Amino acid sequence: MCGIVGVVGEARAKAIILEGLQRLEYRGYDSAGIALLNAEGFARARAVGKVGRLVEKAGELGEAKTGIGHTRWATHGAVTEANAHPHHAGRVMLVHNGIIENFRSLRAELEKEGRTFESETDTEIVAHLIDREVEEGADLEVALSRAVERLKGAFALAILIEGEETRLFGARRGAPLIAGLNGSAGFIASDPLALSGEADSLVYLKDGDIAVVSPGEVTVIDSSGKPARRERQPAPTSHVAAEKGNYRHFMQKEIFDQPDVIGRTASHYVDPVANVIRTIEGVDLSETDRLLIVACGTAAFAGQVARYWFAELAGLACEVEIASEFRYRAPTFLKGDRALFISQSGETADTLEAMRLCAEHRVPSMALINTVHSTMAREADLVLPTLAGPEIGVASTKAFTCQLTALACLAALAGRQRGRIGAAREREIVEALLGMPARVSKALDCEAEIVKLAPELAEHRTVLYLGRGPDFPMALEAALKLKEISYIHAEGYAAGELKHGPIALVEEGVPVIVLAPSGPQFEKTRSSIQQVRSRGARVTGITDASGAQALQGELSQAIVIPDSDPLIRPILEAVAVQLIAYHVAVYKGTDVDQPRNLAKSVTVE
């Protein structure tokens with residue numbers, strides 16, 4: 001994910017910013033930049049490539065007590081110095097994490113007013129919006145509020161304003177941002193790790209907050225425009241604690257990282273200016289007769305969800321194989337086959353050996369992986385990256401949703417290549433993908449309801465999950481998550497299979513969690529809900545607003561996720577099922593990040 005570091009009131013500002021950016025390098029980026037502010041105005045340096053190159057260029061800037069820095073992973077616009085942050089407009093200089101969904105209309109509005117742009121990014125329009133408000137004489141806090149109100153999407157901003165050398169401004173919605181303090185300076189960052197050793201205390205900003213940071217002080221304005229009190233917390237004293245931030249476990253942090261990393265993964269595959277899925281060199285599925293998806297565990301469930309997408313969008317025959325079974329069942333290969341292997345680590349032993357088996361039979365291979373220097377990356381014919389960043393918790397969360405994101409893009413690309421979707425549907429898919437960070441951020445709001453549900457689930461020995469269509473593999477993934485970290489026996493079933501055996505497990509009080517979004521199969525899923533209710537089950541529904549309204553009186557509890565294009569709905573459902581597993585495990589007191597008997601990467605059979 002992109003990194004933000006800002007400093008005010010510290011003579012070592014430049015060094016602190018550059019050191020903070022270096023601490024965030026492992027998260028991945030393609031360019032970096034820094035801007036300093038003093039009484040004479042702004043000084044800026046930007047560089048494509050590593051922070052080390054920026055350090056060289058920043059040596060020419062001189063010193064200042066106030067500045068901001070950024071590591072960028074390209075979303076809107078190519079990897080160029082002109083597209084690197086910080087971006088400048090009039091009296092405003094800023095850096096930005098996230099995606100502005102309505103940047104096209106805002107840019108057109110600003111260009112009509114005579115404003116010109118130096119970059120292809122969505123970020124630059126934010127600088128112009130703020131500068132326009134400042135030019136019109138608004139108080140700075142009001143100017144920021146008015147500009148932020150115009151933005152749709154998920155974002156975190158760190159802002160400098162010329163003539164305000166003793167103040168640093170921040171704003172967030174759906175992307176993390178913190179303020180830091182010591183006795184004589186103030187800080188802003190996207191991650192506590194960037195401020196390790198500099199800040200004594202931290203203030204974790206909430207969605208909709210605008211922060212004004214000055215030396216030793218931070219004031220916060222909430223989304224309603226009113227002053228808000230945010231608790232100061234001691235800054236972590238170790239790098240590990242700093243990386244975990246304000247979260248109890250790495251798994252929880254990684255669940256909440258998802259708006260950022262999903263947006264980053266989507267942007268790798270989507271051209272937001274042309275409103276199309278990017279063409280991937282070496283990927284042409286127009287002549288593929290059958291796609292073999294091979295993976296283990298959670299990655300295999302991502303593949304099972306994608307099987308529905310490839311059928312619907314591309315009319316492409318698709319088989320999903322568990323790698324350990326695929327290797328040993330003497331699979332039959334056909335002339336028009338292509339194979340896709342999914343792995344977070346790129347080192348999963350069974351998946352790697354399955355890929356080698358395909359290579360022996362001259363089946364072209366693609367590897368969808370989160371670790372681009374892995375063995376699978378070296379041996380695959382083509383690498384498709386997921387950009388989740390390091391995932392510390394053993395139970396996969398953000399890696400899974402980034403896999404789904406990349407697979408949705410690949411399925412849409414296949415649909416275009418095979419002539420199954422037109423420009424209008426592709427544009428709808430692109431808009432849905434770019435809107436995911438904001439919707440996932442909103443989906444995380446269901447945590448409060450799930451915290452209430454957790455004690456009830458924790459008292460049971462068995463939990464059942466039901467779903468139809470893509471929600472069937474999501475039910476399998478939900479059950480796996482609960483098993484992995486809470487040690488409760490959980491099973492996922494296709495809802496239509498209830499009467500073929502699973503309904504025998506339903507008795508008075510058994511928890512049944514049903515993935516029941518509105519749509520063509522809603523009434524059939526509703527029938528399954530009625531079947532288990534009539535046998536005494538306590539039914540929780542994971543659904544959207546329309547589904548929740550229709551199911552009033554039929555559910556013990558509804559977990560409501562945002563409305564969305566049906567294509568991306570499983571990604572939003574993933575947030576809910578991850579939070580259920582997490583909070584049940586926390587209530588039970590299990591080792592959430594390192595559950596018994598499990599390893600992060602299975603590198604042996």
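Residues numbered from 1 in each chain as written. Predicted model: local features only at pLDDT ≥ 70, side-chain atom pairs only at ≥ 80, totals over all residues. Heavy atoms only, no water.

Caption draft 1: Structural context of the overall build of the protein chain. Counting its secondary structure elements, the protein chain contains 20 helices and 27 strands. For the protein chain, whose C-alpha radius of gyration is 25 Å, the value lies close to the compact-globule estimate of 25 Å for 605 residues. On the principal axes, the C-alpha backbone points of the protein chain span a range of 75 × 55 × 45 Å. Within the span of the protein chain, comprising 605 residues, buried residues form 62% of the whole. A fraction of 72% describes how many contacts in the protein chain between residues 6 or more apart in sequence connect residues 24 or more apart. Accessible area of the protein chain: about 22,700 Å², with a carbon and sulfur share of 47%. If you average the places of the 65 positive and of the 80 negative side-chain charges in the protein chain, the two averages end up 3 Å apart. (Helix = DSSP H or I, 4+ residues; strand = E, 2+ residues; numbered from the N terminus. Rg over C-alpha atoms; globule rule 2.2 N^0.38 Å. Buried < 20%, exposed > 50% of the residue type's maximum accessible area, 1.4 Å probe, protein only. Contact = heavy atoms within 4.5 Å. Areas by Shrake-Rupley, 256 points an atom, 1.4 Å probe, with all protein chains shown as cover. Lys, Arg positive; Asp, Glu negative; His and termini not counted. Charge placed at Lys NZ, Arg CZ, Asp CG, Glu CD.)

Caption draft 2: Looking closely at the layout of surface pockets. The space that makes up the largest pocket amounts to roughly 820 Å³. Lining the largest pocket are 35 residues, and of these Arg172, Tyr204, Leu205, Tyr247 and Phe256 lie nearest its centre. At the level of secondary structure, the elements contributing two or more residues to the lining of the largest pocket comprise helix H7 (250-256), helix H8 (258-269) and helix H16 (447-458). Sort the elements by how many residues they give to the lining of the largest pocket and H7 lands first, with 3 residues. (1 Å grid on protein atoms, 1.4 Å probe; cavity = no way out; pocket = protein on both sides within 12 Å on 5 of 7 lines; lining within 4 Å. Points joined across faces, edges and corners; volume = space filled by probe spheres on them.)

Caption draft 3: Quick look at the UniProt feature "active site" (unreviewed entry) in the protein chain. The residues that UniProt annotates with the feature "active site" (unreviewed entry) are Cys2 and Lys600. Put simply, the named residues that line the largest cavity are Cys2. Mapped onto the elements of the fold, Cys2 is located in the segment before strand E1 (3-8). Excluding anything up to four places from it in sequence, Cys2 contacts His70, Thr71, Arg72, Trp73, Asn97 and Ser190. (UniProt positions renumbered as here; feature names shortened; annotations may be inferred.)

Caption draft 4: The arrangement of H8 in detail. The end-to-end C-alpha distance of H8 is 17 Å, a good match for the 16 Å that 12 residues give at a rise of 1.5 Å each. Where burial is concerned, most of H8 is hidden: 11 out of the 12 residues are buried. When H8 is considered as a whole, its buried residues turn out to be Gln258, Pro259, Asp260, Val261, Ile262, Gly263, Arg264, Thr265, Ala266, Ser267 and Tyr269. (Expected span 1.5 Å × (residues − 1).)

Caption draft 5: Seen up close, the packing of helix H13 (residues 398-417) against helix H20 (residues 569-588). Interhelical geometry of H13 versus H20 gives an angle of 170° and a closest axis separation of 10 Å. Judged by the inter-axis angle, H13 sits roughly antiparallel to H20. Between H13, through Phe400, Thr401, Leu404 and Thr405, and H20, the contact on the second element is made entirely by Pro570, Ile571, Ala574 and Gln578. In the contact of H13 with H20, the residues fall into 5 nonpolar, 3 polar and no charged. (Axes fitted to C-alpha atoms, helices over the stretch in contact; angles between N-to-C directions. Parallel < 35°, antiparallel > 145°, perpendicular 65-115°, else oblique. Nonpolar A, V, L, I, M, F, W, Y, C, P; charged D, E, K, R; others polar.)

Caption draft 6: Summary view of the pattern of salt bridges. Under the counting rule described, the total for this entry stands at 35 salt bridges. The salt bridge involving Arg115 is made with Asp131; its shortest N-O contact spans 3.1 Å. On the criterion of sequence distance, the pair formed by Arg115 in the loop between helix H3 (103-112) and helix H4 (123-135) and Asp131 in helix H4 is long-range, its members being 16 residues apart. Arg115 gets classed as buried once you look at its relative accessible area, which sits at 15%. Salt-bridge contacts for Arg230 lead to Asp209; the nearest nitrogen and oxygen are separated by 2.8 Å. (Salt bridge = Lys/Arg side-chain N within 4 Å of Asp/Glu carboxyl O.)

Caption draft 7: View of the domain arrangement of the protein chain. Here the protein chain is described as being made up of domain 1 (3-234), domain 2 (245-421) and domain 3 (442-597). Computed from C-alpha coordinates alone, the two centres of domain 2 and domain 3 are separated by 25 Å. Counting residues at the interface gives 29 residues for domain 2 and 26 residues for domain 3. Summing the contributions of domain 2 and of domain 3, the shared interface buries around 2,500 Å²; its carbon and sulfur component is 72%. Looking at the side of domain 2 facing domain 3, the largest losses of area belong to Met251, Phe301 and Tyr308, adding up to 22% of the total buried there. At the boundary of domain 2 with domain 3, the tally comes to 0 salt bridges. There are 13 residue pairs in polar contact (both at pLDDT 80 or more) connecting domain 2 and domain 3. Per-element accounting of the side of domain 2 that touches domain 3 gives the leading share, 8 residues, to helix H9 (residues 297-314). (Domains from an automatic or database assignment. Buried area = accessible area lost by both parts, 1.4 Å probe. Polar contact = N/O pair within 3.5 Å; in protein donor to acceptor, adjacent residues only side chain to side chain.)

Caption draft 8: Highlighting the nonpolar core. Phe310, Leu340, Leu384, Leu433 and Tyr465 are the most contacted members of the largest nonpolar core, which totals 91 residues. The element contributing the most residues to this core is H20, with 13 residues. In terms of domain composition, this core takes at least three residues from each of domain 2 (245-421) and domain 3 (442-597). Leaving out residues up to four positions away in the same chain, Leu340 has contacts with Leu291, Leu292, Ile293, Val294, Met366, Leu368, Leu384, Leu407 and Leu410. (Core = buried A, V, L, I, M, F, W, Y, C linked by side-chain atoms within 4.5 Å.)

Caption draft 9: Representation of the sheet that holds strand E24 (residues 489-494) within the structure. Read across the sheet, 5 strands follow the order E24-E23-E25-E26-E27 without closing on themselves; strand pairing throughout is parallel. Each of the sheet's edge strands pairs with one partner strand only, and the pair in question is E24 and strand E27 (557-560). Neighbouring strand axes in the sheet, compared pairwise and without regard to direction, differ in orientation by 20° on average. Both strand E25 (residues 511-515) and strand E26 (residues 538-543) contribute to a ladder of 5 bridges, which runs parallel. Bridge pairing links Ile513 to Thr540 in E26. Sheet strands touched by H16: strand E23 (462-467), E25, E26 and E27. Its angle to E27, the strand with the most contacts, is close to 140°. In the packing of helix H18 (residues 522-533) onto the sheet, contacts are made with E23, E25 and E26, and the angle to E25 comes to roughly 175°. (Pairing = 2+ DSSP bridges.)

Caption draft 10: Representation of the sheet that holds strand E19 (residues 317-322) within the structure. Strands sit in the order E19-E18-E20-E21-E22 across an open sheet of 5 strands; the sheet is parallel. A strand with exactly one partner marks an edge of an open sheet, and here the two such strands are E19 and strand E22 (382-385). In this sheet, neighbouring strand axes are inclined to one another by 20° on average, regardless of whether the strands run parallel or antiparallel. One ladder, built from 5 bridges, connects strand E20 (residues 337-343) with strand E21 (residues 365-369); its direction is parallel. Each residue of the ladder has a partner; that of Phe341, found in E21, is Ala367. With respect to the sheet, H13 is in contact with E20, E21 and E22, its orientation differing from that of E20 by roughly 160°.

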